Structures are given as C-alpha cells and as structure tokens.
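# Chains, contacts and geometry: an overview
The residues making up each chain are set out below.
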Amino acid sequence: MDYFVLIIAAIFVNNIVLAQYLGNCPFIGTSKESSVAIGMGLAVVFVATMAACITWCVQQFMLAPNDLDYLQTIAFILVIAALVQFVEMFLKKVIPPLYKSLGIFLPLITTNCAVLGIAIICQREEFSFIETLVFSMASGFGFMLALVVLASIRERLDLARVPVSMKGTPLGLIMAGLMSLAFFAFKGMAS
Amino acid sequence: MITASVLVLFGIGLTAAVILAVASKVLYVYEDPRIAQVESVLAGANCGGCGFPGCAGAAQGVVDGKAGATVCVIGGDEVAKNVAAIMGLDFSSVEKKIAFVDCTGGTRAEEIYEYQGVKDCRAQHMLYSGSKMCPEGCLGYGTCVTACQFGAIAMGPDGYPVVDPELCTACGGCEQVCPRGVITIWGMTARIKHLNENTDCLAPCRQRCPGQINIPRYIEQVSRGDFAGALETIRERIPMPLSIGRVCPHPCEGVCRRGHVDESVGINMIKRFVADWEMNSGQRLPISCAPENGRRVAVVGGGPAGLSCAFFLRRLGYSPTIFESMPKLGGQLRYGIPEYRLPKSVLDWEIEGILGLGVDVVTEQLFGKDFTLDSLAEDGFEAVFLGIGAWMNMTLRIEGEDSIGVETGTEFLTKVGLGVDTGIGKRVVVIGGGNTAIDTARSSVRLGAHVTMMYRRTRDEMPAHIEEIEGAEEESVKYLYLAAPNRIIADESGHVTHVEYIQMQLGEPDDSGRRRPVPIEGSESLIECDTVYTSIGQKPELSCLYDENGACTLEETRWRTLGADPETLQTAIPNVFTGGDMHTGPALVITALGEGRKAARSIDQYLTEGVPHVSSNIQRELIPYTMFTDVPDVGYRKRSALPHQIECDERMCTFKEIEGPLSLEEVKHETCRCLRCGLTCYNRDMVEGQECQAEDCIKNP
C-alpha cells in the first residue's frame, strides 16, 4: 500500500515538473511532437531510475560512512553524467532509431535537474533502496506523463492560428502553467 | 577530510571513466568521417530551413543520400560547391530544383464541411480528411505560404499557391506542411522520371494520354504565349511533338470534359502548333540534360520507342547508342506512315534534334546477326533496350496468297518510304480496316491506282481513325464492308487477277467486344484486280532472340511479343529492357514513346539503385469519379478544324502533306476552350455566348 501511495504521490501530487518545477528546459524543448515526447520520457524514466539507484549506493556506501554528505551534489552530477554518456552509447549501438529521434535532447539529460532532483529527493526522504527504485521510476513516469500531455496539446495548437509572438515556446510555457495549476488539484491527496 | 573527499571523487571519476572506456570499445559505432566534413562547410546557422534538425542532421542526410549538395538553403553556391567536393560530385551536376504546384485546375470546388474556426490545411485534412470536393486538390488555406521562410509562395487569385521561382530555395518547408502533396520539390530528372499516380492532379486527358503528357499545363502555357515553356512540358514526357502532333489519334480528346458540352478541345492541334512554331523559327530550343556520366546503354531499334528511350537516357546523363537495321532512323514513323501524313523532312528535323543531344547511331546493323546481347556486353554497354517494333505481318491463310502482285501493306509502305519501285498496278484491293490499311489505300491512290478496301465488319467497327476513313473516302477509295477474302485467283503466269470474297453478317460480340462476322453461305463474289495488299495485323519478329541452337534466354508471351514486367519493362535478363510494339504488339506511336521513357527510367534505376521500381499508387485505369459527364455553366464554343493545305484533286496525285497547322487566332480560340480541369474541378466561368477574354489568352505571340 505504501508503495502505491508513493507511486501516486510521485506521479500526480508531487509531479517532478509540474509541482516541483524541475526539468523545465527539456520539458518545453521536447514537447512539440508526441513521438519525441514518448522517447524522451522513456529515456528519462530509464536514466532517472538508474541514476537514483546508483547514487543511492554512492551515498550509502561512500559518502555517508565517510561523512562526506556535502559532496552529494557534485558526486551525483558526476555519476549522472557518466550514466547518460553510457546510455547514449548504448542507444546508438542497440536502438539507432530512438537515438536519432532523441537527437540533441539525450545529452540534455546530463544537465537535467529533474534527474538530479529525483536522486537528491530520495536521499532527503531517506528512502530505502526499494523505495528509491519505485519512487524514481514513478517520478520518471510523472515527467513522461506531463511531457506527453503537453506535446498533445501543442500538436493541436500548432494547427490553430495564434499570434506570431505567442507561437512556440511562449504558448508552451503558458500551457505548462495551466497544466501545473490543474495538477495542484491533487495536493493533499498524499504527501 | 580533504584527502578523503579528493579520494572519493577521484574514485567515482576513475570508475566512471573505466566503465565508459570499456563501453566505448564494446558499443563502438562507425560514423562516416564525411559527416563531420560536410557539417564543417555548412552555414552553421542550424536554421532548419533544409528540413533536417540542424546542420549535423543535414550533413548526415547528405552522406546518406537523402539530400544533395544544395542542402543548405542559405549557403548559396559556395557552400554547395564545397559539399559537392567532399562528396566527390561535379558541382555542375548539381541540379536546380524548385517548388512545383501540381493543382492548378479551374475554380475551387465548393466547401462541403462547416469549418470550426481552425483555418489551416493540416487541421482540415486531419479533422475532416479534406474539406473540399476534390480528395487530392489544394485546400486553399495557405499553410504553405506561412511555412515558406523565404516569401516565395503567395496565394493566387484562383485559390491555389503560386511559387516565385526567383525566391524559391527548394528548402522543402512547403512540401512538409502540405497535407495533400499539392506542392513538390522537383528538378528536371524527377519530372522526367515521375509516373502518373492516383494522388496527382490528373485531368481526364492526362489520365488517358499513353505518353502521360501534362496536357492542361502545356495548354495553359500556350494560352499565355509561353510556347517554349509548353514545348518543355511536352518534352518532359515525349521527345517528338512534331510527329505526334501529326499522327497521334489523340485518345486524350475522347475523354475531354468539354466534349460533354460541345466538342473536345483540339489538344493535338495545339501541340502541333507549338512544335511547328519551333521548327519554323529555324532555331532549336535548348533541352536540358544532366552531365554525361560516361555509362553506355545500347538501344536496339531506332523507331519511336528506341528514339524516346535514347532521348530520355541522354537527358538523365547516359551515353546511348541506337542500333538500327534500316538506313535511317524513325521505324514505322518513316517506313510505315506515308509522306502526306508525316513529311520526311519534318521527321528528319525532329530526329536531328534528338541526336544533337549526344546520341550515337549505328545504322544497317541487324540484331541477332550483326550483333547480339553478348557482343553488346563485350562492347561495354551496361544495359540494353530492345525496341525493334512489330514488322512481321499476319497472313490471310487462304489459297493463292503467294501469287505475284500480293504483298503486305507494310512492305508496300516501306518501299514507298524508301522511294523504290513498288510495282503497283491500276486496280488495287486492300484487305484490312486499320490505320495501316488506310495508309496503304491512300498511298495507292496517290500512285494512280483505283482502290477498293475490303473489311469483314462494318464501318463502325473499323479500328482506323474516323478522320482517316473519311479522308480516304474523299480521295475516292471505295469501301467493301462485311466482306472477307475467300481465295486469290491468279492467271497462268501466277499473277493475281481476282479476289474471291464472301459476304458476312454480324453475329454475337467476341472477346474484343465487337460483333463477330459470320459468313453467308453461297454469297461468294469476284472482284477484279492486279494488286492485293493485305493489312490484317502485325507482330514482332522475335526470331532474332534465338541462337543457332534454338535457345532463347528471354520470354515470349502468348501474343508473340517480348515478355517483360508491365510496370518496369524489365525482361527476364535483368539488364535488358523492352518497350514499344515489341512489348505491346502493334499500338499507337504515343504508346511507344511513353514506353521509351518508362524504360529509360527503369534503366536509370537499375544502373544506380540495382532494381527498377514503381510506386504502389501508379495510375493505370481512368479514375472513375473524375469521369463525370455533367459539366454545367460552360458556354458553347465551336471547335477549330485543321485546315487542308491542298485540295482533294491535288491530294490524289501528290504526297504533299494534307493537313496544315492552326493559325494563331485559332490556337488562341482552342486554348480558351480548355476548361483547365483537375480531378473534379474545371473552369466553369464561361457562360453561353461569352467571348473568350483576350487578356486571358495569348499576350506575347
């Protein structure tokens, strides 16, 4: 039951992008087409889960025993950067179509604060390894959900005649804001 | 503490580095070094105007062959030259492309949906699968106009986009947003190689033309006085507008929508006018060709199919050589069609123009005897086009057929074409009802003979063109309908004296849909004559394909023609292609010309891609919903008639050309009669009695 609440909270109540405002850059950048949004979302799920698990190990077995908690941010960035590089090489070799469709956005995950944020939240909440695994995966899916919903809206908006000054990113940000307001309705359902 | 911090970070970094080093070895993917080279010479603006996601994507596209050297739409010639150098291309071979609007038909069709505020072509297409009557045509909301970053597209007064060729960079932005494929980025080679597809804007005339000529477009160009442009449009599909303008039975006119109002537009007469305009000017218009790629292709047969194939191969950059068994090129156009329909001087001028592009010719070389497929391969020809026509005559299979004075129509016409003695008598019987039979009869009249044509069905079933039948009648050719030869009677010296024939009556329809003639017993009669010409059908002479052991590596169909893929014209031997009468059996000249282009296209694909192919959406039959006969709001306008150059009495003793070209005024009149049809739309603004507006027609004659 705890895990179910954890998942619901991560996806809806504390959505990493719409409630915690992390990862806005790739959120706006990759939400123009649904197909790209799905690919990016899956990549974030994968990287966020892997990163949270590895950083959990780094925190528990290297930083905490040596009282080096203040190195948490820099050590996590190092781990995530290496992990993303690895994922990039892996996708290029094994799933070239997904690699091509992600294009420039895959390296962007390196500096994606959503991934780093998930890893740090797991430590701050003092999750166990299993909880870290479940929470990070659910958070990744929360990011993916927000991304796909926004991409669908923007595809539809692309067909409408809107003022030129509002086209693209401005309208995307407005829609993201409205979505964020909508997700605030989940507040209080779980913590 | 500091030491521990440094060691921990160093340890994490070292572990990550080792893992990545191992992964880079294991997961290594080869990347073409040219991608980086191409990217380094592009403009670097990452504008996306080329349709690729940034310059890196464009470089990848160039190396993958998805884009050409002109991929960078803002780089200009300098960037294109550098990209071409990296890719090992000759910069001069970089073809100019431009956005081309295919939907230019008449007034837009009515809207059939109530719009819901979203005025965008893609929205209409997505939400309603199309908001206008025509399922393929332009929706007219101008999404392409807003997509063009260079201001090269504007919405024209008729509701479809108009491209400014000066501003168009062929970036493809408009092509990507158009949901109907109305706008395409095309260059010369793409236009030559395109086969009609069901999603193209095909007016009935375009659908019916065996040569797939863009008829509405060239008529529209003539109406603007752009005769050179009209000829270029025609020559994208056929190389011989002069000859076709004279001999084509114009099947296109049979489905012309104006025919449902009054009479069809004189499509072929307009074609002849612009072709004559070029010849009479004495100067040939330049015909664009791709630079020679040094690859040689043998074209066996110098008839319409062979000439067409060689013409288009040359335009696609190949070096074709035509091998012809007769002294001169032209095939049936020269040796089968009489001078009075197609003067030899006109044919010579036209062939000279084709050869002038860089086509080699070897005459009086017989395939199967003087050279073979093997010898052609040894001589360095990478592909072969076989188009030797259908010169073998069907026989009557009746008694006395081998008498002196009995000959086939094609043999007679060939002698006339060569200018040798024909041995024709005074009283001639021509057996048959096709165009060759009529040509034989009318040529005989000109040589001073009294001619009777014998045909076993009625006049309505005659396969010859009605104008030819009437022309022969005017020249005093007598017709004997419902009569079939029974036997040929000869005198002691073996010379023909009479043809015994039997009267026929029409029975039930046969496979061809025509009523089968049935003999009436006891109705035999005699007709006196000293010459008999038979013209009951021809077939290809395929014995040249067999070696001395009687073996043949190619396939023969049950109609005794050369078997090939009907779409690609590739035979059982991969690098051998065919077309024209050799493939179809006796057919129209325009069909042979069309097959020549198809074969050239397939040869190009075979030599560059390894396999010839066609789209799955090829238009084969007339598209049913475009064949409506109700054409309201169109005023009656009388069709022009081709003037006779010489009168009937003179016609009977000279081979001078009979029909002349239309005058400029008449051409203007004819182009105004064109309804500028699309699939379902047509120009309906002509009301009864309204004169064609001069400014709509020829401005710069």
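Residues numbered from 1 in each chain as written. Chains lettered and ligands numbered in written order. Predicted model: local features only at pLDDT ≥ 70, side-chain atom pairs only at ≥ 80, totals over all residues. Heavy atoms only, no water.

The condition that has to hold: UniProt positions are given in the numbering used here, feature names are shortened, and annotations may be inferred rather than shown by experiment.
Labelled according to an unreviewed UniProt entry, chain A appears under the name Ion-translocating oxidoreductase complex subunit A, originating from Pseudodesulfovibrio sediminis. For the record of chain A, the UniProt heading Subunit (unreviewed entry) holds the text "The complex is composed of six subunits: RnfA, RnfB, RnfC, RnfD, RnfE and RnfG." A UniProt comment under Function (unreviewed entry) is attached to chain A, and it reads "Part of a membrane-bound complex that couples electron transfer with translocation of ions across the membrane."

### Some remarks on the UniProt feature "transmembrane region" (unreviewed entry) in chain A
Residue and element names in this part refer to chain A. Quick note on the threshold: Working definition: helices are DSSP H or I runs of at least four residues, strands are E runs of at least two. Numbering for both runs from the N terminus.
Look at the UniProt record and you will see "transmembrane region" (unreviewed entry) annotated at residues 35-58, 70-90, 102-121, 133-153 and 173-190. Taken as a whole, residues 35-58 contains 100% helix and 0% strand, while its terminal C-alpha atoms sit 34 Å from one another. Helix makes up 90% of residues 70-90 and strand 0%. Its end C-alpha atoms lie 32 Å apart.

### Looking at the interface of chain A and chain B
Convention followed: By definition, residues are in contact when any of their heavy atoms lie within 4.5 Å. Throughout, the accessible surface (probe 1.4 Å) given up by two parts as they are put together, summed over both, is called the buried area. Contacts described as polar in this section are N or O atom pairs within 3.5 Å, which, within protein, must combine one atom able to donate a hydrogen with one able to accept it, while residues neighboring in sequence count only if both atoms come from side chains. For this scheme, ten residues count as nonpolar: Ala, Val, Leu, Ile, Met, Phe, Trp, Tyr, Cys and Pro. Four count as charged, namely Asp, Glu, Lys and Arg, and the remainder, Gly too, count as polar.
Taken together, the contacts link 24 residues of chain A with 25 residues of chain B. Looking at the side of chain A facing chain B, the largest losses of area belong to Met89, Leu159 and Arg161 of chain A, adding up to 30% of the total buried there. Where chain A packs against chain B, one counts 2 residue pairs in polar contact (both at pLDDT 80 or more). Counting only elements with at least two residues in the side of chain A that touches chain B, the list comes to helix 3 (34-63) and helix 4 (72-94) of chain A. Ranked by the residues each element gives to the side of chain A that touches chain B, the list is headed by helix 4 of chain A, at 11 residues. Here the residues of the side of chain A that touches chain B are counted per class, giving 16 nonpolar, 2 polar and 6 charged.

### Here's the deal with the packing of helix 20 (residues 435-446) of chain B against helix 21 (residues 466-474) of chain B
Helices that pack against each other are described as a pair by the angle of their axes relative to one another and the distance between those axes. Residues and elements named next belong to chain B. Inclusion rule: A fitted line through C-alpha atoms represents every axis, and for helices the fit uses only the stretch in contact; the resulting angles, taken between N-to-C directions, go from 0 to 180 degrees. To sort the angles, those under 35 degrees are grouped as roughly parallel, those over 145 as roughly antiparallel, those from 65 to 115 as roughly perpendicular, and the leftovers as oblique. For any helix crossing, the convention is left-handed if the near helix is rotated counterclockwise from the far helix by under a right angle, and right-handed if that rotation is clockwise.
Put simply, helix 20 and helix 21 touch, their axes get as near as 10 Å, and they point 20 degrees apart. Of the possible angle classes, the one that applies to helix 20 and helix 21 is roughly parallel. For the crossing formed where helix 20 meets helix 21, the hand is left-handed. Judged by residue contacts, Asn435, Ile438, Asp439 and Arg442 of helix 20 engage Glu468, Ile469, Gly471 and Ala472 from helix 21. Considering only residue class, the contact of helix 20 with helix 21 consists of 3 nonpolar, 2 polar and 3 charged.

### Description of helix 21 of chain B
All names here are of chain B. Here is the rule: Burial status follows relative accessibility: with a 1.4 Å probe on protein chains alone, a residue under 20% of its type maximum counts as buried, one over 50% as exposed, and anything between as partly exposed. Directions are taken from the helix axis to each C-beta atom, and the arc is the one they span.
The set of residues buried in helix 21 consists of Glu468, Ile469, Gly471 and Ala472. Mapping the buried residues of helix 21 onto a view down its axis gives an arc of 165 degrees, with all of them on the same face. Packed against the buried residues of helix 21 are helix 20, strand 13 (478-480) and helix 24 (648-651). With its phi angle positive at about 75 degrees, Ser476 sits one or two positions after the end of helix 21.

### Description of empty space enclosed by the protein
Residue and element names in this part refer to chain B. Rules: Cavity and pocket criteria rest on a 1 Å grid covering protein atoms alone: a 1.4 Å probe that fits but cannot get out defines a cavity, protein on both sides within 12 Å along at least 5 of 7 lines defines an open pocket, and an atom within 4 Å of a point defines a lining residue. Grid points are joined across faces, edges and corners, and a volume is the space filled by probe spheres set on the points.
The full count for this structure, using the stated rule, is 7 cavities of 30 Å³ or more. Estimated volume of the largest cavity: approximately 120 Å³. Taken together, 14 residues line the largest cavity, and the ones lying closest to its centre are Cys205, Cys256, Cys674, Leu675 and Cys677. At the level of elements, helix 9 (204-208) and helix 10 (215-223) are the ones that each hand at least two residues to the lining of the largest cavity. Tallying contributions element by element places helix 10 first for the lining of the largest cavity, with 3 residues. Tallied by class, residues from the lining of the largest cavity come to 12 nonpolar, no polar and 2 charged.

### Description of the sheet that holds strand 8 (residues 383-386) of chain B
Residue and element names in this part refer to chain B. For clarity, the threshold we go by: Think of it this way: DSSP has to see at least two bridges between two strands before they count as a pair.
Strand order across the open sheet formed by 5 strands is 7-6-5-8-20, with parallel pairing between neighbours. Two strands close off the open sheet at either side, each with one partner strand: strand 7 (360-362) and strand 20 (576-578). Sheet twist, expressed as the average angle between the axes of neighbouring strands with direction ignored, equals 20 degrees. As judged from the 3 bridges shared by strand 6 (residues 319-323) and strand 7, these two strands associate in the parallel manner. Residue pairing across strands places Thr321 opposite Asp360, the latter belonging to strand 7.

### Section: the pattern of salt bridges
Residue and element names in this part refer to chain B. Operational definition: Put simply, a salt bridge is a Lys or Arg side-chain nitrogen that is within 4 Å of an Asp or Glu carboxyl oxygen.
Under the counting rule described, the total for this entry stands at 29 salt bridges over all chains. Among the ionic pairs, Asp32 bridges to Arg34, the shortest N-O distance being 2.9 Å. Arg34 sits in the partly exposed class, given a relative accessible area of 29%. In this structure, Arg284 engages Glu352 in a salt bridge whose closest nitrogen and oxygen atoms are separated by 3.2 Å. Placement of Arg284 in the loop between helix 14 (267-281) and strand 5 (296-300) and of Glu352 in helix 17 (residues 344-355) is noted, with a sequence separation of 68 residues between them. Linked through salt bridges whose partners overlap, the residues forming this network are Arg341, Asp439, Arg442, Arg446, Glu468 and Glu475.

### Considering the pairing of strand 18 (residues 531-534) of chain B
All names here are of chain B. Side chains of strand 18 alternate between two faces, with Thr531 and Tyr533 and Val532 and Thr534 buried alike. Two strands pair when backbone bridges link them, and strand 10 (residues 406-408) and strand 18 are joined in this way by 3 bridges, in the parallel orientation. The residue of strand 18 that forms the bridge with Thr408 is Thr534. Bridge count for strand 11 (residues 427-431) against strand 18 is 4 bridges, and the pairing is parallel. Its bridge partner being in strand 18, Val429 is matched across the sheet by Val532.

### Remarks on the confidence of the model for chain B
Residue and element names in this part refer to chain B. Stated formally: The quantity known as pLDDT measures the predictor's confidence residue by residue, on a range of 0 to 100.
With 94% of its residues at a pLDDT of 70 or more, chain B shows a mean pLDDT of 87. Throughout residues 694-701 the model reports pLDDT below 50, and contacts reaching past four residues in sequence, or to other chains, amount to 20 contacts. Scored by ipTM, the complex comes to 0.79, with pTM at 0.77.

### Concerning the confidence of the model for chain A
Of the residues in chain A, 94% have a pLDDT of 70 or more, and the chain-wide mean is 87. Per-element mean pLDDT across chain A ranges from 70 in helix 6 (residues 105-108) of chain A up to 93 in helix 8 (residues 129-157) of chain A.

### Considerations on the packing of aromatic side chains
The following threshold applies: Note on ring pairs: Phe, Tyr and Trp rings are taken, using the six-membered ring of Trp, and paired if centres are within 6.5 Å. Classes follow the plane angle, with under 30 degrees stacked, over 60 edge-to-face and the rest tilted. Distance and angle both matter: a charge sits over a ring if NZ of Lys or CZ of Arg is within 6 Å of the ring centre and within 35 degrees of the ring normal.
Summed over the entire model, instances satisfying the criterion amount to 19 aromatic pairs over all chains. Ring plane angle 70 degrees and centroid distance 5.5 Å describe the contact between Phe183 of chain A and Phe186 of chain A, whose orientation is recorded as edge-to-face. A residue is classified by how much of its surface remains accessible, and Phe183 of chain A, at 13% relative accessible area, is buried. Its relative accessible area of 27% is what places Phe186 of chain A among the partly exposed residues. Arranged with centres 5.3 Å apart and planes meeting at 5 degrees, the rings of Tyr479 of chain B and Tyr481 of chain B form a pair that is stacked. Take Tyr479 of chain B: its relative accessible area is 16%, and that puts it in the buried class. The positively charged end of Arg284 of chain B is found above the aromatic ring belonging to Trp349 of chain B, 3.8 Å away from the centroid.

### So, the pairing of strand 14 (residues 483-490) of chain B
By the bridge criterion, 7 bridges tie strand 14 of chain B to strand 15 (residues 496-509) of chain B in an arrangement that is antiparallel. Each bridged residue has a counterpart across the sheet, and for Ala484 of chain B the counterpart in strand 15 of chain B is Ile502 of chain B.

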